[in-house]
Amino acid sequence: MNTDEELSDSWWERVKYYARLAIERVEYGVESVKELLSTLTSDERCGVMLEFEDASPEKFTQLLTDAPQWTEWMA
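Note that this is a predicted model, so its numbers are computed, not measured.

Moving on to the environment of leucine 37. Position of leucine 37 relative to the elements: it lies in helix 2 (residues 30-38). Distance in space between the C-alpha atoms of leucine 37 and tryptophan 73 is 7.5 Å, their sequence separation being 36 residues.

Here the focus is the pattern of salt bridges. Applying the stated criterion across every chain, the model contains 3 salt bridges. One salt bridge in this structure joins glutamate 44 and arginine 14, with 3.0 Å as the shortest N-O distance. Residue glutamate 44 is located in helix 3 (residues 42-55), and its partner arginine 14 is located in helix 1 (residues 4-25); the two are separated by 30 residues in the primary sequence. Relative accessible area serves as the criterion here: at 10%, glutamate 44 is assigned to the buried category. The exposure class assigned to arginine 14 is partly exposed, which follows from its relative accessible area of 32%.

Core analysis: the largest hydrophobic core is formed by 19 residues, its most contacted members being Val33, Leu37, Val48, Met49, Phe52, Leu63 and Trp73. Broken down by secondary-structure element, the contributors of at least two residues to this core are helix 1, helix 2, helix 3 and helix 4 (57-66).

A separate point is the packing of aromatic side chains. In the structure shown here, the tally under the stated rule is 4 aromatic pairs. With a centroid separation of 5.5 Å and an interplanar angle of 70°, the aromatic rings of phenylalanine 52 and phenylalanine 60 are classed as edge-to-face. The buried category is assigned to phenylalanine 52, whose relative accessible area is 0%.

The packing of two helices is summarised by the inter-axis angle and the distance between the axes. Two elements in contact, helix 3 and helix 4, have axes separated by 5 Å at closest approach and are oriented at 120°. What the angle tells us is that helix 3 and helix 4 run oblique. Only Pro57, Lys59, Phe60 and Leu63 of helix 4 make contact with helix 3, whose side of the interface consists of Met49, Phe52, Glu53, Asp54 and Ala55. Its residues placed into classes, the contact of helix 3 with helix 4 shows 6 nonpolar, no polar and 3 charged.

Right, let's get into the side chain of glutamate 51. With respect to the helices, strands and loops of the structure, glutamate 51 is situated in helix 3. We note that glutamate 51 is buried and unpaired, the nearest opposite charge coming from lysine 16 at a distance of 5.8 Å. In this structure, glutamate 51 is in contact with Trp12, Lys16 and Ala19, ignoring residues within four places of it in sequence.

We now examine the environment of tryptophan 11. With respect to the helices, strands and loops of the structure, tryptophan 11 is situated in helix 1. For tryptophan 11, the contacting residues outside a window of four places in its chain are Asp43, Glu44 and Gly47.

Rules used throughout
- The residue count restarts for each chain, going from 1 along the sequence in the order it is written.
- With the structure being a predicted model, the display of local features is reserved for residues of pLDDT at least 70 and the display and counting of side-chain atom pairs for 80 or more, all residues being used for whole-chain, interface and lining totals.
- Just so you know, side-chain values use all the structure's heavy atoms and leave hydrogens and water out.
- The helix and strand labels rest on DSSP assignments: H or I over at least four residues marks a helix, E over at least two residues marks a strand, and numbering proceeds from the N terminus.
- Counted as salt bridges are all cases of a side-chain nitrogen of Lys or Arg within 4 Å of a carboxyl oxygen of Asp or Glu.
- Here the term buried applies to any residue with accessible area under 20% of the maximum for its type, exposed to any over 50%, and partly exposed to those in between, with areas from a 1.4 Å probe on protein chains only.
- For our purposes a nonpolar core is just a set of buried Ala, Val, Leu, Ile, Met, Phe, Trp, Tyr and Cys residues, chained together by side-chain atoms within 4.5 Å.
- Any pair of Phe, Tyr and Trp rings, taking the six-membered ring for Trp, is counted once the centres come within 6.5 Å. Such a pair is stacked with planes under 30 degrees apart, edge-to-face with planes over 60 apart, and tilted for the rest.
- An axis is simply a line fitted to the C-alpha atoms; with a helix, the fit covers only the stretch in contact. Between two such axes, the angle follows the N-to-C directions and lies from 0 to 180 degrees.
- Any angle that falls under 35 degrees is termed roughly parallel, while one over 145 is termed roughly antiparallel, one within 65 to 115 roughly perpendicular, and all others oblique.
- Any two residues whose heavy atoms approach within 4.5 Å are treated as being in contact.
- When residues are sorted by character, Ala, Val, Leu, Ile, Met, Phe, Trp, Tyr, Cys and Pro go into the nonpolar class, Asp, Glu, Lys and Arg into the charged class, and all the rest, Gly among them, into the polar class.
- Residues scored as positive are Lys and Arg, those scored as negative are Asp and Glu, and His as well as the terminal groups of each chain are ignored.

Limitation: the analysis is restricted to geometry and does not speak to function.
Below is the structure:
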């Protein structure tokens, strides 16, 4: 039986996986990152962006420079 902690760990591992994908997609452009984020729930999108910023500050800054309106994708 899953506990809340196991579910939380599973969710966070999934978010970290998607964050790695988002980091890789920066090389292919803003639309590629946006496409990935569009497949996620709003909670997952928020988690991905938090992990993205922590894991790769340079690429996160690049994304912000290329797409200052990125917060609109979070809705």
